[in-house]
Amino acid sequence: MRGLILAAPFMVLGAFVVVIDPYMYFDVSHLVPAQVKAGTAGKLHYALYKVQEFRRAPKRNLLLGDSRMAGFSTDQIRSLTGNDYFNFAYGGGTPTEAIDTYWLAARMTKLDAV
């Protein structure tokens, strides 16, 4: 009984995290709209938010880079090339982050163009 009482706050906290799910890791509850999550969680930890976004909908073509690459529109690239791209650019991104991101994406899907 004491263990249940001790565990209760952690279970409530865990349920709260799953329901709010700012980075859409569990993707169980849609109580908070995705646009709100992008506006808050995306600003707090942009790389984590982008990784979870890619995990939900991986693409075989990637854009990697810093804020200059982030300005590229994947819709416009699709209209020119006919291929879907995922923009994995991070503001202030470094070459090391781009390399790490490449290998992370390569573990999730087969890549055609980077």
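Everything discussed here concerns the structure shown above.
Residues numbered from 1 in each chain as written. Predicted model: local features only at pLDDT ≥ 70, side-chain atom pairs only at ≥ 80, totals over all residues. Heavy atoms only, no water.

1. Looking at the overall build of the chain
Link 1 in the chain: Counting secondary structure elements, the chain contains 6 helices and 2 strands.
Link 2 in the chain: Start at the N end of the chain and walk to the C end: the helices and strands fall as α-α-α-β-α-α-β-α.
Link 3 in the chain: The C-alpha radius of gyration of the chain comes to 18 Å, more than 25% above the 13 Å expected for a compact globule of 114 residues.
Link 4 in the chain: By principal-axis analysis of the C-alpha atoms, the chain measures approximately 60 × 25 × 25 Å.
Link 5 in the chain: When each of the 114 residues of the chain is scored for burial, the buried share is 27%.
Link 6 in the chain: The contacts of the chain with a sequence gap of at least 6 include a subset with a gap of at least 24, amounting to 55%.
Link 7 in the chain: Carbon and sulfur atoms form 64% of the exposed surface of the chain, whose accessible area is close to 7700 Å².
Link 8 in the chain: Placing the 12 positive and 9 negative side-chain charges of the chain at their respective mean positions leaves the two points 5 Å apart. (Helix = DSSP H or I, 4+ residues; strand = E, 2+ residues; numbered from the N terminus. Rg over C-alpha atoms; globule rule 2.2 N^0.38 Å. Buried < 20%, exposed > 50% of the residue type's maximum accessible area, 1.4 Å probe, protein only. Contact = heavy atoms within 4.5 Å. Areas by Shrake-Rupley, 256 points an atom, 1.4 Å probe, with all protein chains shown as cover. Lys, Arg positive; Asp, Glu negative; His and termini not counted. Charge placed at Lys NZ, Arg CZ, Asp CG, Glu CD.)

2. Focus on the packing of helix H3 (residues 46–56) against helix H6 (residues 95–108)
Link 1 in the chain: It is the contact of H3 with H6, at a shortest axis distance of 11 Å, that shows an interaxial angle of 20°. As far as their axial angle goes, H6 and H3 are roughly parallel. Crossing geometry of H3 relative to H6 is assigned as right-handed. Residue-level contacts link Val 51, Phe 54 and Arg 55 of H3 to Leu 104, Ala 105 and Met 108 of H6.
Link 2 in the chain: Grouping the constituent residues of the contact of H3 with H6 by class yields 5 nonpolar, no polar and 1 charged. (Axes fitted to C-alpha atoms, helices over the stretch in contact; angles between N-to-C directions. Parallel < 35°, antiparallel > 145°, perpendicular 65-115°, else oblique. Left-handed = near helix turned anticlockwise from the far one by under 90°. Nonpolar A, V, L, I, M, F, W, Y, C, P; charged D, E, K, R; others polar.)

3. Describing the pattern of salt bridges
Link 1 in the chain: A full pass over the atoms with the stated rule returns 6 salt bridges.
Link 2 in the chain: For Arg 78, the salt bridge identified is with Asp 84, shortest N-O distance 2.4 Å.
Link 3 in the chain: The network of salt bridges with common partners includes Arg 60, Lys 110 and Asp 112. (Salt bridge = Lys/Arg side-chain N within 4 Å of Asp/Glu carboxyl O.)

4. Some details on the environment of Met 11
Link 1 in the chain: Examined against the element boundaries, Met 11 turns out to sit in helix H1 (residues 2–20).
Link 2 in the chain: Note on Met 11: relative accessible area 49%, which makes it partly exposed.
Link 3 in the chain: In sequence terms Met 11 and Pro 33 are 22 residues apart; their C-alpha atoms lie 23 Å from each other.

5. Looking at the nonpolar core
Link 1 in the chain: Counting 10 residues, the largest nonpolar core is built from Val 51, Phe 54, Leu 62, Leu 64, Phe 86, Phe 88, Tyr 90, Ala 98, Ala 105 and Leu 111.
Link 2 in the chain: Mapped by element, the contributors of at least two residues to this core are H3 and H6. (Core = buried A, V, L, I, M, F, W, Y, C linked by side-chain atoms within 4.5 Å.)

6. Side note on the packing of aromatic side chains
Link 1 in the chain: The full count for this structure, using the stated rule, is 7 aromatic pairs.
Link 2 in the chain: The lysine or arginine in question, Lys 50, covers the ring of Phe 86, its NZ or CZ lying 4.7 Å from the ring centre.
Link 3 in the chain: Its end group placed over the ring of Tyr 25, Arg 55 keeps NZ or CZ at 5.1 Å from the ring centre. (Phe/Tyr/Trp six-rings, centres within 6.5 Å; stacked < 30°, edge-to-face > 60°. Lys NZ or Arg CZ within 6 Å of the ring centre and 35° of its normal.)

7. Quick notes on helix H5 (residues 74–81)
Link 1 in the chain: Capping of H5 at its N-terminal end is provided by Ser 73; its side-chain oxygen lies 3.3 Å from the backbone amide nitrogen of Asp 75.
Link 2 in the chain: Just beyond H5, the residue with positive phi is Gly 82, at close to 80°. (Polar contact = N/O pair within 3.5 Å; in protein donor to acceptor, adjacent residues only side chain to side chain.)

8. Describing helix H2 (residues 34–44)
Link 1 in the chain: Listed as buried for H2 are Lys 37, Ala 41 and Gly 42. Viewed along the axis of H2, the buried residues span an arc of 100°, placing them on a single side of the element. Pointing more than 90 degrees away from the buried face of H2 are the exposed residues Gln 35 and Lys 43.
Link 2 in the chain: For H2, the secondary structure elements touched by its buried residues are H1 and H3. (Arc of directions from axis to C-beta.)

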